Amino acid sequence: MRTFAIQDGAFHLDGQEFRILSGALHYFRVLPEQWPHRLRMLRAMGLNTVETYVPWNLHEPRPGEFARLAEVGAFLDAAAAEGLLAIVRPGPYICAEWDNGGLPYWLSGRIRTSDPEYLRQVGRYFAQLIPAIAERQVTRGGNVIMVQVENEYGSYGDDQDYLRHLADLLSAHGVEVPLFTSDGSADWHLTGGTLPGVLATVNFGSEPERHFAALRAHRPDDPLMCMEYWCGWFDHWGQPHVTRDADSAADTLERILAAGASVNLYMAHGGTSFGTRAGANQVGELATGAYRPTITSYDYDAPISEQGAPTEKFWRFREILSRYNPDVPDVPPAPATLPPSRVRLTHSVRLRDALAKLALPEVTGPVPATFEELGLEHGLVLYRTTIPGPRQPYPVTVRGLHDRAYVFVDGEPMGVLERDVPGGVDVPGGVSVELLVESMGRTNFGPAVGEAKGIVGGILHGQQYLNGVTAVPIPLDDVSGVPFEPGLAGEPTAFYRGTLEVAEPADGFLALPGWGKGYVWVNGFCLGRYWERGPQRTLYVPAPLLRAGTNEVVLLELDRVGADPEIRAEPELG
């Protein structure tokens, strides 16, 4: 039987002192067919461990309905096959720039507290999830060496009963390897987010000496570990692309290891927030300011690129890590890429016409129903109401718009409203008004976690609320039923379908020159959102999504129609 324990202020694996050289790789941001390659890349960089979060909202999309749980065990097994130990961070909250910090939209009770209703739901989920992690601990012949309690809880609250309940719940489901917490290094982080008897680790991007000194002041006997060394960063739509100089990143890594600490690179390989599950943040010290949705790519300026290729940072890190880990294999070849080509669009249908044929359910009430009340995680909701008349024009505005609304008057487009942007659209009385509202991702950090989507306040005409609102939820997880017709509509708020011819599947990057904002599906799989605001200009198309011959590409364009989409050999992230 193998062992992993904390003794005399150090980690010990099978009785020998051990330094954790870990890298974050989220199984849910990489297609399973690509896991072996990405894990080999971690080993080739000099790492001996992989770390992953587990997003609750992916695995319990509706209460009591579990999905894709087998992926957790399969990923851990894949890591073991590549010779990697594993650190698992099951939440229930994970942040991760993932929608709602991984918490399901349907939760009830006071989230991230010891509220009994919330804990009841956590208990149901953990009963399904944790046994598969427990059976893969090193103590049972697997590769899991540590499991996290919550995530950066000191940045949120100080409910010690909550943290203790989670730790006890993990133990009750068989977790016997060391538990840990991870937080910033301020005193309020380390006093609010930690538990007596549970290893405390810190997260930072620079100045390791300062952060480790703060950790030592609170935990003089714990092994030093940076659980998130931020060697890159993520991007928001409409903001500059963020990168970190390889020399700076390598210098900080060198100093972490020189301090005798263990480390987890966040991220070693970022991957992609496919579909509609990229999260959002709110600016400001209290994370309550302007709303900023996160882009689809989670490349993170990581040492292993979104496509899985080594970067300059990879080679610098490999040089440093190999001094601490002599067992570094050769670097596997980078994935092949498609030759440049175009997607030939041939069919389309206006969203309005598609809805008439799909006959989606409608809900009518005195006030607008939110996404959550409609049972819709993400996508679009079409709200309909009328303005009494005759009356003169007044601005139509939305109180609590989450997050973007396309305004139509008697079926004609009249403007766009955006969250945090003041203003409205002047509309007279005696007309019908429709607002097509798009969710751009739930806030994943701070007090706004758990926010609702759609219209959470109301629709106003001047100073007056408009009542009697019909809501039509439009899910975007399956476009197989869209009633396409031959020809191109040539206007936005429409679906477009085309074909991509591929001789042999390989990775590609889809560019949409001239297109405004929307979503892309390849062979029925949603790649994610695109937006002309950037900084991201291409969407990663992984080879496993493609087949030799003809491939289907579907766009839902909301803002502006452009030229034929293009497949390029290189990404453009900003």
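Fair warning: this is a prediction, and the values are worked out from it, not measured in the lab. Residue numbering note: each chain is counted from 1, following its sequence as written. Restriction of local features to residues with pLDDT of at least 70 applies here, the model being predicted, together with a cutoff of 80 or more for giving and counting side-chain atom pairs; totals for whole chains, interfaces and linings are based on all residues. To get the side-chain values, all heavy atoms of the structure are used, and hydrogens and water are removed first.

Asks: How do you make sense of the nonpolar core when you look at a structure like this?
Replies: For soluble globular proteins, nonpolar side chains are generally found buried alongside one another. Ranked by internal contacts, the top residues of the largest apolar core, which has 105 residues, are Met146, Tyr229, Leu265 and Phe317. Strands are runs of DSSP state E lasting at least 2 residues, helices are runs of H or I lasting at least 4, and numbering of each runs from the N terminus. In terms of residues, this core owes the most to one element, helix α4 (residues 116-134), which gives eight residues. In these notes, a set of buried Ala, Val, Leu, Ile, Met, Phe, Trp, Tyr and Cys residues joined through side-chain atoms within 4.5 Å is what counts as a nonpolar core. Remark: exposure states derive from per-residue accessible area (1.4 Å probe, protein chains only) relative to the maximum for the residue type, with buried under 20%, exposed over 50%, and partly exposed in between.

Asks: What is the right way to look at unusual backbone geometry in this model?
Replies: Excluding glycine, residues mostly carry a negative phi; peptide bonds, for their part, are mostly trans. With an omega of 0°, the peptide bond between Tyr266 and Met267 qualifies as cis. Position of Met267 relative to the elements: it lies in strand β11 (residues 262-269). Looking along the chain, the bond that leaves Gly534 and enters Pro535 is cis, with omega of 10°. At Ala287, a position not held by glycine, the phi torsion is positive, near 55°. Residue Ala287 is classed as buried on the basis of its relative accessible area, which comes to 5%. Located in the positive-phi region is Tyr300, a residue other than glycine, with phi close to 65°. With respect to the element layout, Tyr300 can be found in the loop between β13 (291-293) and α9 (312-321). The buried category is assigned to Tyr300, whose relative accessible area is 5%.

Asks: For this particular structure, what's the right way to read the packing of aromatic side chains?
Replies: Between the rings of Phe, Tyr and Trp (Trp by its six-membered ring), a pair exists once the centres lie within 6.5 Å; its type follows the angle of the planes, with under 30 degrees stacked, over 60 edge-to-face, and the other angles tilted. Taken as a whole and judged by the stated rule, the model has 28 aromatic pairs. Judged by centre distance (6.1 Å) and plane angle (50°), the ring pair of Tyr153 and Tyr156 falls under tilted. Judged by centre distance (5.1 Å) and plane angle (85°), the ring pair of Phe314 and Trp315 falls under edge-to-face. Accessibility expressed as a relative area gives 0% for Phe314, which makes it buried. For Trp315, a relative accessible area of 45% puts it in the partly exposed group. Grouping aromatic residues by their ring pairs yields a cluster made of Tyr53, Trp230, Trp233, Phe234, Tyr266, Tyr298 and Tyr300.

Asks: Sorry if this is basic, but what is going on with the sheet that holds strand β28 (residues 508-511) here?
Replies: Whether parallel or antiparallel, the strands of a sheet pair through hydrogen bonds between backbone atoms. Here four strands make up an open sheet; going across it, the order is β14-β33-β28-β31 and the pairing antiparallel. Only two strands of the sheet have a single neighbouring strand rather than two, namely β14 (341-342) and β31 (538-541). For β28 and β31, the ladder comprises four bridges, and the chain directions are antiparallel. Bridge assignment links Gly508 to a residue of β31, and that residue is Val541. At least two DSSP bridges between two strands are required for those strands to pair.

Asks: What is the right way to look at the layout of surface pockets in this model?
Replies: Unoccupied space between atoms shows up once a probe the size of one water molecule is rolled over them. Cavity: a set of points on a 1 Å grid over the protein atoms alone where a 1.4 Å probe fits but cannot get out. Pocket: an open set with protein on both sides within 12 Å along at least five of seven lines, its lining residues, like those of a cavity, having an atom within 4 Å of a point. Grid points are joined across faces, edges and corners, and a volume is the space filled by probe spheres set on the points. If you add up the space inside the largest pocket, you get close to 780 Å³. Contributing to the lining of the largest pocket are 29 residues, with Arg68, Thr276, Arg277, Glu377 and Asp477 lying nearest its centre. Taken as a whole, the second largest pocket holds about 660 Å³ of empty space. Together, 28 residues line the second largest pocket, and Glu152, Ser155, Trp230, Trp233 and Phe445 are the ones closest to its centre. Only α6 (187-192), β10 (225-230) and β12 (280-282) provide two or more residues apiece to the lining of the second largest pocket. Any residue that is not Ala, Val, Leu, Ile, Met, Phe, Trp, Tyr, Cys, Pro, Asp, Glu, Lys or Arg is counted as polar, Gly included; the first ten are nonpolar and the last four charged. Per-class residue counts for the lining of the second largest pocket are 14 nonpolar, ten polar and four charged.

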